[in-house]
Structures are given as structure tokens and as C-alpha cells.
Amino acid sequence: MDMITIQGGMQLNGEVATSGAKNAALPILFSALLAEGQHEFTNVPKLRDIYSTKELLESLNCEVKFENNTFKVNVKRPEKLQAHYDYVRKMRASILCLGPLLSKYHEAEVSLPGGCAIGTRPINIHLDSLKEMGAQIEVKAGYVHAKAPGGLKGARILFEVATVGGTENIMMAAVFAQGETVIENAAKEPEIVDMANYLIKMGAKIEGAGTSIIRVQGVNELKPATHDIIPDRIEAGTLLIAGAITGGDVTVTRCVPDHLEALILKLRESGFKIETSDSSIRVLPQSVWKGVDITTTPHPGFATDLQAQFMALMVEAEGTSVITESVFENRFMHVQELVRLNADITPKTRVAVVRGKKGGLLAAPVMATDLRASACLILAGLVAQGETKVKRIYHLDRGYENLELKLASLGAKVQRLKEE
Ligand code: EPU
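Read on for an overview of the structure. Note that this is a predicted model, so its numbers are computed, not measured.

Moving on: the nonpolar core. Soluble, globular proteins show a tendency: their nonpolar side chains are buried together. In this structure, Phe71, Met133 and Leu199 are the most contacted members of the largest nonpolar core, which totals 77 residues. By size, the runner-up hydrophobic cluster in this structure holds 70 residues, among which are Ile241, Ile264, Ile393 and Tyr400.

Here it is, written out as C-alpha cells:
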């Protein structure tokens, strides 16, 4: 198993480019199932979750070539319309093949994803919405068995929670449904817009992606197309915070500043000077910054996927910061590990009070518990006195492409080693 060691105290400076967005690539790769033939996607990050998607698509009879961030997939009718537990247990996003398989082939069997380190993560909204579209759904022996003899039907659906995966699954389900599907209280994340753009390229009729009401008119056929995946806003935010926490001058290129408005606002409120261009964000050197409060909410609010990283920054701030996690019920697993690095944090169920102190972090061995927690611990390691060892780094490889190499290119002393 790999671990990452970080020698704290190096100021990061320079330019670094963002990779393609994991959370846009995953649903888009699954949306390819809607059209048999050759699809081509560029700017696809080389991540464990993408390789897991490749394996799942291959199990569904697709031929995949993934080289140099280009993902070519030749979609053929699957022999078995099933996403086996072996794939779904490796990656929850596998549930995203339910919508396209059911829409196109009127039948699908997908293993139930379990809970994970950040919460129970139910899929009730996905399933209830498909039922409203006429699907017969049975959950037994750990699988969702879905059928829509004669095809799905358009429906007016109101989401109880603005779920990202639910919006994606129902948009994909709706493209071949008879008539119009309207999703109200849809998620508005940039990744939803990117997926809708690909569906439209294939011939789908979709309006309103990026707003809370999405309308999909069913069509009879889609054709494969090509697409360049949007930049990863969470990676861009993580790199920006890496610059900020070390008091450095870092420009993150190949990103979309509009996707990171809430983070930029909070960095400025904390005292950082931030400059943006069309496709880059620069954080300027700052030696002291103050604690600010954040509450995670769906886009365009402060992203839950940046909460852990921002907490690391607040640990080094002057003053108190109240961090409220409103999206997931158990996303503070990094707190105890930050405390091992000498941070002063009191966690309650969904609120953590961080009493910041500049220069207070001391290196220690710590353990990554999930993807964003891994990034948080690496950021803390950049400023902790001494050598921090972050273990169980396989979580990081699910969602960051070469993070340690990117940080090293900015001047960090960071290394990947085999765990002793
Ligand atoms: N929810 C329900 N019922 C449902 C679906 C969701 O109650 O049927 C609840 C969840 O339990 C959660 C909230 O709704 O409390 C939001 O969950 P959502 O469905 O929006 O999350 P997701 O689609 O499972 C995606 C990202 C996550 C990111 C969230 C929120 C992908 C592959 N994953 O998950 O990314 O945190 O949206 O923005 O797109 C990550 O990259 O580290 C990550 C966890």
C-alpha cells in the first residue's frame, strides 16, 4: 500500500494546470450506454474511479481504449443488463448505469451501493423517480431489479433533495421516455451541465440544465459523439488552498473560475487576494488570514467536496471558524486526524468549531479515510512542522490525478512511498 510523506514548511509558488473533472467524466462515460457505436472523450483524468468505470463498461460488452486522457468506447448491446456487486462495491457512482440501461433496454439489474465513509447515501430518490416514470422496481438480494415494459414515460418529478446523481440518472432515463419529463429541484452543479451538453450532442432534447428545473423531451434515437470533459473544480480549489495555506503565489490554470465562486468569496473574506482570468485563478502571498465560517450547500453554495480542505486552511487561520456540513451527515472523519496533527477542533454532529493558530500544526502519522479527507491531510502536512506521513492513500487515487507531482512542481517536498 502506498503512503505520502510531506516535509512541512515549503512555500508553494508557480503555475499548475487542472485535470478533467472526475464527477463530470463518470456520468458522461455511463451516458455513452445510451447510443451504440464509437464515442470519444478527451480530458478524462487517469483515476481509479475511471478505471473502475472502464471495467464496468467492459462487463456490459463495451470495448474501451483509455490512453493519454482520451477514453474511446465502442458501445454494443450488453449480453446481460447487469451491474454486478463486484463493480458497484468499488465505486458507488456505478448506480449511474441504471438510468441509461433502463431507458434504452427497458430493463436493468444494478447492485445496491452501500453506505460509505461520509454517510448512508441512500438512492431512494433515484428509485422513486423511476417509478414515477412507470418503472417496476424491486429490491432483493442486494440488487435493484428494474423493468419498464414498453419503455419509460415522461413525468413531472419533484426532488425532495437536490441530488446530483439523481438528477443525472433521471436525465439519462428521460431521454427515451415517451413525452416530457420535468425535474424540479434539480441539482445545478457544473457537472450536470456538462453531462446535459453531451446528451444534447448525441441528439437529446434537454433544456434548463444548470437551473433547478430541467425539461427533457423524449426522442427515439441518440448517436455517439465526441466531448471534452470540463476541468475539475474540486481539484482546482484544492490546489488553490495549497497555495494559500503555504502563504505562496500560485496560479491554477485550465479551470473555470465561475465554478468556484463560493470558495473565492470565502478566501477573500479570510483575507486572501485572489485574481481571476477566463481560465485561471491566482492566490497571492498572505502571511496571516482570519477564521471565517462556512456552510456546505449544493451548487452554487460552498461545495461539500472542498469542506475538508478548507478546514485545513482554517486550522492555520487567526481566530475561530465554524464549519457546518449540511450535505452529508458524516463528513468530519478528517477532524480526528487533524487533531493528531495538533489542530484545535471540536466536532459535533454536523458542526465543527476550529480554533485556528498560525504555525500550530506538528507532523504525525495520519490515516486517510476518504478522498477529500486525504487531500485535507496533505494540505495540513504542507505546513505542519516535521514530516507528516499520510497512510491509506488509495482513497486519494480515486479522485486526484498526480496530486503529489503537481504539488512537487510548485515546490512542495512530497513523496509517494510504499508503506513500511
Ligand atoms: N440523497 C438522498 N436520496 C437519494 C440521493 C441523495 O437522500 O436518493 C442525499 C444524500 O444522502 C446526500 C444528499 O442527498 O445527503 C446529496 O447527495 P447527492 O446525491 O447529491 O450526491 P452523489 O450524487 O451521491 C455527488 C458526487 C460527490 C459529491 C456530491 C455532492 C459524484 C460521482 N459524486 O455524489 O462527490 O460530494 O455529489 O455534491 O458526482 C467526491 O467527489 O468526493 C464526492 C463524494
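On to the sheet that holds strand E8 (residues 136–140), then. If you walk across this open sheet you meet the four strands as E6-E7-E9-E8, and the pairing is mixed. A single partner strand is all that each edge strand has here, and the edge strands are strand E6 (82–83) and E8. The sheet contact formed by E8 and strand E9 (residues 143–147) spans five bridges and is antiparallel. In the sheet register, Val139 faces E9, and the bridge partner there is Val144. Along the sheet, helix H4 (residues 98–105) makes contact with strand E7 (107–111) and E9, crossing E7 at roughly 160°.

A word on the sheet that holds strand E14 (residues 226–228). In space, the four strands of this open sheet follow the order E4-E5-E3-E14, with mixed pairing throughout. Strands at the two margins of the open sheet, each flanked by one partner only, are strand E4 (63–67) and E14. This sheet shows a mean twist of 10° between the axes of neighbouring strands, independent of strand direction. As paired strands, strand E3 (residues 37–42) and E14 are joined by three bridges and run parallel to one another. When the bridges of E14 are listed, Glu40 appears paired with Thr226.

With respect to the helices and strands, Arg268 occurs in helix H9 (residues 261–270). The exposure class of Arg268 is partly exposed, given its relative accessible area of 43%. For the pair Arg268 and Trp289, spaced 21 residues apart in sequence, the C-alpha separation works out to 9.5 Å.

This part is about the packing of aromatic side chains. Applying the stated criterion to the full structure yields five aromatic pairs. Judged by centre distance (4.9 Å) and plane angle (70°), the ring pair of Phe41 and Tyr198 falls under edge-to-face. Of this pair, Phe41 sits in strand E3 while Tyr198 sits in helix H7 (residues 190–202), placing them 157 residues apart in sequence. Judged by relative accessible area, Phe41 falls into the buried class, the value being 0%. We classify Tyr198 as buried; its relative accessible area is 0%. Arranged with centres 5.3 Å apart and planes meeting at 70°, the rings of Phe302 and Phe310 form a pair that is edge-to-face. Each member of the pair Phe302 and Phe310 is classed as buried.

Before going further, it helps to spend a moment on the environment of Cys116. For Cys116, the position within the fold is in the loop between E7 and helix H5 (124–132). Between the C-alpha atom of Cys116 and that of His145, which follows or precedes it by 29 residues, the distance is 22 Å. With residues up to four places along the chain from it excluded, the contact list for Cys116 reads Arg92 and Arg121.

For the rest of this paragraph, the subject is the pairing of strand E1 (residues 2–7). Where E1 meets strand E24 (residues 413–418), six bridges bridge the pair, whose relative direction is antiparallel. Looking at E24, one finds that Thr5 is bridged to Gln415.

What follows covers the packing of helix H1 (residues 22–31) against H7. Closest axis-to-axis distance for the H1/H7 pair is 8 Å, and the angle between their directions is 30°. One element, H1, and the other, H7, form an angle in the roughly parallel class. For the pair H1 and H7, the crossing hand works out as right-handed. Residues Asn23, Ala24, Pro27, Ile28 and Ser31 of H1 form the contact with H7, whose own contacting residues are Glu191, Asp194, Met195, Tyr198, Leu199 and Met202.

Among the nine residues that make up helix H10 (residues 307–315), nine are buried, leaving the element largely enclosed by the rest of the structure. Those residues of H10 that sit buried are Gln307, Ala308, Gln309, Phe310, Met311, Ala312, Leu313, Met314 and Val315.

Here Met3 lies in strand E1. For Met3, a relative accessible area of 1% gives the class buried. Separated by 413 residues in sequence, Met3 and Arg416 have C-alpha atoms that sit 5.7 Å apart.

Rules used in this analysis
- Residues numbered from 1 in each chain as written.
- Predicted model: local features only at pLDDT ≥ 70, side-chain atom pairs only at ≥ 80, totals over all residues.
- Heavy atoms only, no water.
- Core = buried A, V, L, I, M, F, W, Y, C linked by side-chain atoms within 4.5 Å.
- Buried < 20%, exposed > 50% of the residue type's maximum accessible area, 1.4 Å probe, protein only.
- Pairing = 2+ DSSP bridges.
- Helix = DSSP H or I, 4+ residues; strand = E, 2+ residues; numbered from the N terminus.
- Contact = heavy atoms within 4.5 Å.
- Axes fitted to C-alpha atoms, helices over the stretch in contact; angles between N-to-C directions.
- Phe/Tyr/Trp six-rings, centres within 6.5 Å; stacked < 30°, edge-to-face > 60°.
- Parallel < 35°, antiparallel > 145°, perpendicular 65-115°, else oblique.
- Left-handed = near helix turned anticlockwise from the far one by under 90°.

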